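# Descriptive analysis of the structure
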Amino acid sequence: MEAGHLRRALLTALLAALAAPAGAGECVFYLKASTASFEARLYDPRSEKDRKAPLGRVPSPEILWDHSWEKVYWLDGGLIRRAWWLGKGKAPWPVPLPEELGAPAAWWLDWRGLKVVKRAADKLELWEHVAAKKTWRLGERERLLEPATRARQAAGVLYDWNSRRRDKPLAELLAAMQGNAHLHSIRWVGTRESGVGRIAFYGVDGCGLRVQVHRDEAGAHIVAPLFHICDKQEKGTLIYGEPDGAGFAPVAFGEAAPWLLLGMAPKMEGPRLLRLEDAREEKSFPPGSSHAAWVPCPR
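Please read these numbers as outputs of a predicted model, since none were measured by experiment.

Counted under the stated rule, the structure contains 12 salt bridges. Members of the salt-bridge network, linked through shared partners, are Glu-39, Arg-41, Asp-50 and Lys-283.

Here it is, written out as structure tokens:
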């Protein structure tokens, strides 16, 4: 192969690798609602085993993993609890929040550790956990302007404070499966304004989804009906039907070859698992299931 052709082939392979779905793992993490909490569960499609996740029961979907998936963290009242995910060792102790903090307005991980934000009427405070001393310290304080501009200023401050976060929040994994996240992958039928197009799978050549996009003030939504379609098929197989009555059903999905995970946006309610190659359903998750996302299978 000539040097020029080889370089082009390597560049094509690199671009394909960069375009592949980020964070696609081997297990489906999901939450199953109960009376006053959620049960965190995992489904491994290779072994077809459905089991409890290392978190057990959690009060809310306020969950995140560190950048390397070593540990998982979740908010539980006045504590940030932790458990091993890919890592292993003694059970990590929960981290008590500062008494003066109250309910945090936001929390995350950066390269130095845990950060939480306290919001008062006229200021924001950024607190940092000092792991070596098992204490918290006030890192930054921002006094907000007059009430008419506080919300916008607070949003800007939070964006600036957490711009260097190094974690994988469950909310971010869900956002990566929403309609807006898929727009760059759509090959439109006619013009972009038609709202109809196709998304090719990364894991199966010649197959993908036929999608319909609805736009409103909240952004772009991929909506039902959703079809699985392969080359030389005119319409394909319906995999997500339109709802009964008025309105539209926004759909979220993400692939981890050879499977496609899909559910109702934005919380991935009623998740199902299909095969990429033929749209055959592998699993329909139990009633009350939501917040489904691909993650690496834990130890």
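Alright, that's what it looks like, and here's the rest.
With that settled, consider helix α2 (residues 147-161). Note that an α-helix has 3.6 residues per turn; residues three or four places apart therefore point the same way. For α2, built from 15 residues, the straight-helix expectation of 21 Å at 1.5 Å per residue is met to within 8% by its first-to-last C-alpha distance of 21 Å. Those residues of α2 that sit buried are Gln-153, Ala-154, Val-157, Leu-158 and Trp-161. Contacts made by the buried residues of α2 are with β8 (106-110), β9 (113-119), β10 (123-130) and β11 (135-143).

This paragraph deals with the nonpolar core. The biggest cluster of nonpolar side chains holds 35 residues, and the ones touching the most others in it are Phe-29, Leu-55, Ile-63, Trp-65, Trp-85 and Leu-261. Element by element, the count of residues in this core is highest for strand β1 (residues 27-33), at five residues. Ranked by size, the runner-up nonpolar core spans 25 residues in total, among them Val-204, Cys-207, Ile-239 and Leu-276.

The five strands lie next to each other as β7-β6-β5-β4-β12, forming an open sheet whose pairing is antiparallel. Each edge of the open sheet is held by one strand with a lone partner, namely β7 (95-96) and β12 (167-169). When strand β4 (residues 63-66) meets β12, the two strands line up antiparallel, connected through three bridges. Note that in β12 the partner of Leu-64 across the bridge is Pro-169.

Turning to the confidence of the model for the protein, a few remarks are in order. Averaged over all residues, the pLDDT of the protein equals 90, while 91% of them reach at least 70. Ignoring residues within four places in sequence, the model shows residues 1-24, a span with pLDDT below 50, making nine contacts including any to other chains.

Of all six residues in strand β18 (residues 251-256), six are buried, a share of seventy percent or more. With burial as the criterion, each face of β18 is covered, one bearing Val-251, Phe-253 and Glu-255 and the other bearing Ala-252, Gly-254 and Ala-256. As defined by bridge partners, β18 adjoins strand β19 (residues 259-264) across six bridges and the pair is classed as antiparallel. Directly across from Glu-255, in β19, lies its bridge partner Leu-260. Adjacent in sequence and paired antiparallel, β18 and β19 are bridged by two residues.

The rules behind these values
- Residues numbered from 1 in each chain as written.
- Predicted model: local features only at pLDDT ≥ 70, side-chain atom pairs only at ≥ 80, totals over all residues.
- Heavy atoms only, no water.
- Salt bridge = Lys/Arg side-chain N within 4 Å of Asp/Glu carboxyl O.
- Helix = DSSP H or I, 4+ residues; strand = E, 2+ residues; numbered from the N terminus.
- Expected span 1.5 Å × (residues − 1).
- Buried < 20%, exposed > 50% of the residue type's maximum accessible area, 1.4 Å probe, protein only.
- Contact = heavy atoms within 4.5 Å.
- Core = buried A, V, L, I, M, F, W, Y, C linked by side-chain atoms within 4.5 Å.
- Pairing = 2+ DSSP bridges.
- pLDDT = per-residue confidence, 0-100.

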